[in-house]
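Chain by chain, the residues run as shown.
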Amino acid sequence: ARSAVQAATYTFNEILLECPEEMKRNADAQISPLHPSSIEDDEERALPISTKATKPSIKGMLTSHRRTSLDIEKFDQALSPEFTSGFEESEDCFSEITAKAASLLGAEKCFLFIKDTNAQNLYTFIKDHEGNKVRATKPIDRGITGSILAEPSGYNENKVGQSQRWSHELDDLPGFVTTSYLAWPIWDFAACKSIGVVEFRNKGNGSSAFNAADSQFARIIALQLGHAVIHYKQQELIDGHTETINQAYEKNFEQGETIDIPSSTENMAETQLMVRNSRGAFTLSKQPSLFTTRRTSIAVYDRAWDYDVFLKSDEELMMHAIDIFDERGLFSRFSIPMSTFVNFVNEIKKGYDSNAPYHNSYHAFDVMHVCYFIMTKCRADEYLESFNVLSILVAALAHDLGHDGYNNTFHQNTSSDLAVTYNGISILENYSAAYLFRILRKQDNNIFARLNAEEMTKMRTRLIDMILDTDAKNHFMLMTRFKHGLEMKKLSRGLLSSMILHVSDVSNPARPGTIARKWAYAVQTEFFRQGDKERELSITRTPFMDREFENLPRMQLAFIDAVVHPVFRLLSDFLPLVGDHCIKPLQLNRAFWHAMLHRSTLKTSEVVAFLDAQKKDDSFILNSIASNDFDGDNDSTTSDDSLGENPIPGIPADATQESSPDVRRASVISLNLEGKKDFDPELGVSFDEKKSSTRDMSLQSIIKSSFAGMKKLLESPIFQALTFFSTIYALFAFDLNLALGNKDADLVIGYTTFAVFIIFVVELVLSLACVAGYIRFFFWLDVVATISLYFEIGFLLQARSDLGFSYELALAKAGRAAKAGARAGRLASILRLIRLVKIFKFAKWTLGRATNKRQQDEIVDEVEHNIHDSMSVIGRRMTESITKKVIIAVVLMLIMFSATDVDYTPDARQLQLDSIGKNPNSTILRDSFFESHDNIIAFSEAGYDFVDQERLDVLRAVDILALASEFDGSISASFDVSEDTVTQAWYSLLTTAFVSLLLGTMGLLFSKDAYRMVIHPIEKMKSTVQQLSENPLLHLERIKNRDNSESDETDMLEQAIAKMAALLQVGFGSAGAEVISKNLSDMGELNPMIPGVRVNAIFGFCDIRDFTFATEGLQQDVMIFVNKIAEITHRHVVKSGGHPNKNIGDAFLLVWKLKSGKSTNSSGDLQKELFDSSLTCMQRVLKEIRQAGSLASFLKDDRSSMSSTWASSLADYTVAMGVGLHKGWAIEGAIGSKVKIDASYLSPNVNLASRLEAATKQYRVPLLMSEAFFGGLSGSIQSTCRRCDRVSFKGSTDPMVIYHQDLEPLSKLQLPPQNHTELLEITSWDKEIEINYRGLIKDAQSKLQSNTELVQREVYDALFNSYLDKDWNRCKIFCHLWIQRFPGDDIVNCLVEMLGRHNFRCPETWPGFHALTEK
């Protein structure tokens, strides 16, 4: 856009002065600047909008509201995204937007000015007198436009030419007299600065003034323009710095730092699979931990969202920080001494300015708590490693270190030393990061002392990045990076850490009302403190910091809408629990501040007074202006019930009960700077719902949508019901009309039948268009049945008759037609029975829907429940075949009966007519004919005609029988056969009903038997095989015989399939799942040798202690012993979500497979829950085995089936087992040949698990875990683990730290070993050491005597660190003190024995670990 602008830049007035004369307005024709109006109105219009809002007069406010009559249509236009869509800095765009804005307000002119920060002026784009696009400027330090730029709100003035702000030199327009003037600053609320001005001149033709409604419109327009300008600036920055943004996004993306986010489709598939397999063999069940009672965890109220730091003492805050670090396992994980941590936190507290009302140590502890809350309650820690958790909590404590209560803008404007030092870039944030590392330079404060150089470099970089990301100027960049990560389905843990810290830093408005208001008051106080300093230094006051224009509600609303709500919504897109816990209080707080704004309760003292009044009287309700409409009417009232039984404390009872939507709309400050204009807490609606756009659709899309609509109509319950009742009508209506109706009803029946005919035709057409394969048997039946209705539409048939015949001929034809019609009617009624198929389909469809719904609400048999809703191929074919055959058989039978229904009895009426024809003009025969038949209505003979016109008029054609003499055609007679017609109609009705019942019963009975005995069992078997191919580890329940009767062949097949599936699962296990799945889903040949698959998993290796000794004693009974241990082990492993794999005599290989990549579910990509569950599972196994004690006690339930010879030889044998846990990769697949395979895992990581188990014997502990496994545990479980040693295993050159978990408190380790005295003697020291280490010994003894295990563990950490640091003399002291206090600690006893072999002198060649050579 800028390339189109001329190089020269002109001032605003210079360009307008050069405009052609015809474009100038005639000044003489203008309204005088001294426009007549009341002095009171003049004074009010002269006030800034923010000042008028503070006027306490209720009358004045109501008067103002009466003037605020909003045009909702215009309001929606102003709020519509289309208003500023496609914004760019160009003359065309500026002209288009200002024209729209002027039209909305009815202003003569509108100008948009943007601030140029570098040139320190305002610029806009207009055309000069030659029509060229130019960039016009205005100064920011002079004129009315520049003065508005510094205002926190708008400015409305009627006689603007008389205002002191008006500069005739800069603000007058050539040939144009400005009378009324309205302007609003355009704000970037996140950066706390104004970025432009939008101004309107002359309402209407200049004869009226801008009112309060216009001010609201201008405010909304300014907000919308603010969105557009900021978005354009961001996009311009992104377009110009794509590489920089990519680098920023990729920052700290290291190996293992990437979070893979599953797509919504993958999440849905994962959820469906979990639901389908919820009763499967290997599902993770949440179990209580065994060690939760071992330590005191953080109290429930200290974990809550309503944790209030203002109510806590310094000691309580310190303990809260200690509890958080301990509960997350950071002290043990990073070897942080308690004393060092306390020193560090105290130094942090000293670094905060206690005189700062907001940025003090309370803010630091509050941010730390919110970070902890998001990590735990919102489950962010499932994506964070311990390193990330530590960096977040430390950054939270230190992110505002050294903050003096004045923001970066103040330091930059005053050129403070800090601003000069850090070159005006994130001044305070850079200072806080530097301050933090100055604290960490002191050894007594360095909580990172145990990090190696690489880890320390990473930690330093991470902390600096996180603290700098808390700068308000980096807000949009951080959100852009995070949103980009979500869209790309890939985040870094560092980026997530920065986002958590930033959200916590701005979380005050989202806290519960009481706490949120405390922080709001603190922020207000600190802002006024800076504003007073700015006034003292005579520099421009920052918005919201001038106490003369105090407006706390507006400040909070602006901050919530511009910063807090968008960032919380963005984080909740990744962590949904953020929305559940945090956004609701944020909405309530916004409602509170919104109500305060509309009550003109703007000052802190007024808000406090209002809340105090509410506390004194719960029924106290302040009459809100918002409850009145803008025209001053008060017709609608709010009942007490509408306020709710329990109003929210601290929020006005009617805060969310505003009756006028105009009030709520006019108060919207929906900045949502990421472009999501979809939230309005007051309206409770989405602005996206208001968008309307007409898009041209392609022909293909129109056809596609048309077919979709037709199919939806065809399958809709309403259309199905309409077709059903139409079919009932077609079957019975004609005969019912004959039996009960009269001639007058024929026309109504005809039109109704015609409507039913149209419905059948529509159904036929829709079925042809939407139902695949419809042109088959049922199509032709539908065609025949539909056509048959045509002959029942009386008015159509009547239209075809020839009305020009003589009466006699017409009568004769009518009689013949009636006779033919009767037969056709009987045939048609038979054909109509074909429509019964639709009735049966409708009944089956309805029953199927009800059955499916009932099955979803009940717990039913797993196999039955998982049968697909769609019928199997064989079931569909068999059902259709039976239905076809039944229909054909019944219809053919009825047609045959109808066709052969011939009455061979001579008709007496015809015989008599023939006699009259032989003897014409015979009076005797004619009189006898009339006497014999009293139902004659017409008779015709040469010279004699008789017509009973009265009876003829009421009879229908079907009620008339016309006969003629076969010898003389001129002799004819017509008879009234209405009684016979009624009798035949009732007979036809009964026949139709009987045939319908017969057809339906036969079809359903035949189908039911076939379905029950053949189709349903086949479908169950098919579903079983299909489920096994999808999830080979699914457990199937055994098929039980029905009614205890003799099972048939299908039952045998079902039971055989279930047994074979169970045998496959038991034999192959999880490692062979792919083999089962591939071969069941593939209809080709058997191929067990499928390629291996690389998986990440947790491997557990268990070994029974002294198994050889037990085998020799138990002999053949050893199988019972081994299988009982296997049953205990496998039961717990399966419950924890694991898979038993190998059973190698005395050893078991157990596997917990980790989901990789985008297959991870909502439990987090680190899957800490699975690590915790696997460790808890193995501890449960060890506990259950340990509780048995002796072998005799362990096998007491199986003694009856065992030999008793081993009882004496194994009397002292104690059942025990060792466990090793490791995490790593392995190749999963089939090992062997097509003759015999074993499904297992090949990897050095499997061997490491077995060697860890072997090391348990050396360290005399039941369980050891590798460093890789320990790193996957959650922080709360890591805090229960201790380092045992740093070793290397055979076959591996990389050393690792091995860990053990303490289930019992350290105080229980009191049983000394047999060599305890020897160990104490080995670790004793001489006087010289005692003198040199006197302070160390005293401090360690003091800590060991503490009742707090966390303090005691400091000594152990010091002991172990001394061992690793090769300071074995120091380690010796700690070992001696430790085994004195805890003589039963086998880990330290084992370490003492090992170091004692070297006399506690570290060999010079010791590499920092020792090698374990045992396999």
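Source: prediction; values computed, not measured.

Asker: I'd like a description of the overall build of the protein chain, backed by residues and values.
Answerer: The secondary structure content of the protein chain amounts to 56 helices and 22 strands. A fraction of 74% describes how many contacts in the protein chain between residues 6 or more apart in sequence connect residues 24 or more apart. A total accessible area of about 67,600 Å² is found for the protein chain, and carbon and sulfur atoms account for 54% of it.

Asker: A description of the nonpolar core should follow, citing residues and the corresponding values.
Answerer: Grouped together as the largest cluster of nonpolar side chains are 107 residues, with contacts concentrated most on Phe-344, Leu-436 and Phe-482. Broken down by element, this core gets its largest block of residues, 13 residues, from helix 24 (residues 552-574). In this structure, Leu-436 is in contact with Phe-344, Ile-348, Val-394, Ala-398, Leu-401, Leu-463 and Ile-467, ignoring residues within four places of it in sequence. Ranked by size, the runner-up nonpolar core spans 43 residues in total, among them Phe-1289, Ile-1337, Phe-1360 and Leu-1412.

Asker: Can you tell me about helix 37 (residues 908-918), naming the residues and giving the values?
Answerer: Regarding helix 37, the residues found buried are Arg-909, Gln-910, Leu-913, Asp-914, Ile-916 and Gly-917. All buried residues of helix 37 project into a common sector of 160° when viewed along the axis, lining one side. Its buried side turned inward, helix 37 meets helix 38 (923-932), strand 10 (936-941), strand 12 (960-964) and strand 13 (972-976).

Asker: Which residues make up the pairing of strand 12, and what values go with them?
Answerer: The two faces of the sheet receive side chains in turn, since in a regular strand these alternate between them. Taking burial as the measure, the five residues of strand 12 include four buried ones, the bulk of the element. Relative to strand 13, strand 12 runs antiparallel, the two sharing five bridges. In the sheet register, Ala-962 faces strand 13, and the bridge partner there is Ser-974.

Asker: Summarise the sheet that holds strand 12; cite the residues concerned and give the values.
Answerer: Across the sheet, four strands lie side by side as 11-10-13-12; this open sheet has antiparallel pairing. This sheet does not close on itself; its edge strands, each paired only once, are strand 11 (944-947) and strand 12. When the angles between neighbouring strand axes are averaged without regard to direction, this sheet yields 15°. Pairing of strand 10 with strand 11, which is carried by four bridges, proceeds in the antiparallel orientation. Residue pairing across strands places Ala-938 opposite Val-947, the latter belonging to strand 11.

Asker: Talk me through unusual backbone geometry; I want residue IDs and the actual numbers.
Answerer: With the exception of glycine, most residues fall at negative phi, and the peptide bonds are largely trans. Of note, Asn-202 is a non-glycine position whose phi angle comes to about 65°, a positive value. Within the fold, Asn-202 resides in strand 7 (residues 193-203). Phi is positive for Ser-335, which is not a glycine, with a value near 50°. Looking at the element boundaries, Ser-335 is found in the loop between helix 13 (330-333) and helix 14 (338-351). Take Ser-335: its relative accessible area is 6%, and that puts it in the buried class.

Asker: Could you give me a rundown of the packing of helix 44 (residues 1118-1135) against helix 45 (residues 1168-1188), with the residues and numbers involved?
Answerer: Each packed pair of helices is defined by two parameters, the angle between the axes and the distance between the axes. Between helix 44 and helix 45, the shortest axis-to-axis distance is 9 Å and the interhelical angle comes to 150°. It follows from the interaxial angle that helix 44 and helix 45 lie roughly antiparallel. Regarding helix 44 and helix 45, the two cross each other, and that crossing is right-handed. In contact with Ile-1125, Ile-1128, Thr-1129, Arg-1131, His-1132 and Val-1133 of helix 44, helix 45 contributes Cys-1177, Met-1178, Arg-1180, Val-1181, Glu-1184 and Ile-1185.

Asker: How would you sum up the pattern of salt bridges? Please name residues and give values.
Answerer: Pairing is possible between side chains that carry opposite charge, provided their charged atoms lie close to one another. A complete count under the given rule lists 42 salt bridges for this structure. Note that Lys-533 is salt-bridged to Glu-536, the shortest N-O span being 3.9 Å. You can see Lys-533 and its partner Glu-536 sitting in helix 23 (residues 513-536), three residues apart, about one turn around the helix. Residue classification places Lys-533 among the partly exposed residues on the basis of a relative accessible area of 29%. A salt bridge links Arg-1282 to Asp-1302, with the nearest nitrogen and oxygen atoms 2.7 Å apart. Taken together, the residues Arg-1282 in strand 20 (residues 1281-1289) and Asp-1302 in the loop between strand 21 (1296-1301) and helix 51 (1316-1322) connect sequence positions 20 residues apart. Asp-1302 gets classed as buried once you look at its relative accessible area, which sits at 6%. Here the residues in one salt-bridge network are Asp-532, Arg-535, Arg-541, Asp-546, Arg-547 and Glu-548, joined through shared partners.

Asker: A description of the packing of aromatic side chains should follow, citing residues and the corresponding values.
Answerer: Scanning all chains against the criterion turns up 33 aromatic pairs. The interplanar angle of 50° and the centroid separation of 5.9 Å between the aromatic rings of Phe-929 and Phe-939 together place this pair among those described as tilted. Of this pair, Phe-929 sits in helix 38 while Phe-939 is found in strand 10, placing the two residues ten residues apart along the sequence. Phe-929 gets classed as buried once you look at its relative accessible area, which sits at 1%. On the basis of relative accessible area, Phe-939 is assigned to the buried category, the value being 2%. Note on Tyr-1363 and Trp-1406: the rings are 5.3 Å apart at their centroids and 50° apart in plane angle, and the pair reads as tilted. Pair noted here: Tyr-1363 is in helix 54 (residues 1349-1364) and Trp-1406 is in the loop between helix 56 (1386-1396) and strand 22 (1410-1412), with a separation of 43 residues, a long-range link.

Asker: Please set out a nonpolar patch on the surface residue by residue, giving values where relevant.
Answerer: A cluster of nonpolar side chains, Trp-1225, Ile-1227, Ile-1231 and Leu-1242, forms an exposed patch at the surface whose accessible area comes to about 320 Å². The element contributing the most residues to the nonpolar patch is strand 17 (residues 1217-1232), with three residues.

Asker: Account for the confidence of the model for the protein chain, with residues named and values stated.
Answerer: Scored by pLDDT, the protein chain comes out at a mean of 74, with 68% of its residues at no less than 70. Below pLDDT 50 for its whole length, residues 14-69 participates in 98 contacts with residues either more than four positions away or in separate chains. In the model, residues 854-870 has pLDDT below 50 throughout and makes 22 contacts with residues more than four positions away in sequence or in other chains.

Asker: An account of the environment of Asn-132 is requested, with residue identities and associated values reported.
Answerer: Within the element layout of this structure, Asn-132 appears in the loop between strand 3 (121-127) and strand 4 (133-139). A sequence separation of 41 residues divides Asn-132 from Glu-91, and the C-alpha atoms of the two residues are 9.5 Å apart.

Asker: Residues and numbers for the environment of Gln-1278, please.
Answerer: Structurally, Gln-1278 is set in helix 50 (residues 1275-1278). Setting aside residues no more than four positions away along its own chain, Gln-1278 makes contact with Arg-328, Gly-329, Ser-332, Arg-333, Ser-386, Phe-1270, Gly-1271 and Leu-1273. Of note is the side chain of Gln-1278, whose polar atom sits 3.3 Å from the backbone oxygen of Leu-1273.

Asker: Which residues make up the pairing of strand 7, and what values do they have?
Answerer: Within strand 7, ten of the eleven residues are buried, which leaves the element mostly enclosed by the surrounding structure. Inspection of the sheet shows strand 2 (residues 107-116) paired to strand 7 by seven bridges, in the antiparallel sense. Opposite Ile-114, over in strand 7, you have Gly-196 as the bridge partner. For strand 6 (residues 181-188) and strand 7, the ladder comprises eight bridges, and the chain directions are antiparallel. The residue bridging Asp-188 from the neighbouring strand is Lys-193, located in strand 7.

Analysis parameters
Residues numbered from 1 in each chain as written. Predicted model: local features only at pLDDT ≥ 70, side-chain atom pairs only at ≥ 80, totals over all residues. Heavy atoms only, no water. Helix = DSSP H or I, 4+ residues; strand = E, 2+ residues; numbered from the N terminus. Contact = heavy atoms within 4.5 Å. Areas by Shrake-Rupley, 256 points an atom, 1.4 Å probe, with all protein chains shown as cover. Core = buried A, V, L, I, M, F, W, Y, C linked by side-chain atoms within 4.5 Å. Buried < 20%, exposed > 50% of the residue type's maximum accessible area, 1.4 Å probe, protein only. Arc of directions from axis to C-beta. Pairing = 2+ DSSP bridges. Axes fitted to C-alpha atoms, helices over the stretch in contact; angles between N-to-C directions. Parallel < 35°, antiparallel > 145°, perpendicular 65-115°, else oblique. Left-handed = near helix turned anticlockwise from the far one by under 90°. Salt bridge = Lys/Arg side-chain N within 4 Å of Asp/Glu carboxyl O. Phe/Tyr/Trp six-rings, centres within 6.5 Å; stacked < 30°, edge-to-face > 60°. Patch = residues over 30% accessible without salt bridge, like charges linked within 9 Å, V, L, I, M, F, W, Y side chains within 5 Å. pLDDT = per-residue confidence, 0-100. Polar contact = N/O pair within 3.5 Å; in protein donor to acceptor, adjacent residues only side chain to side chain.

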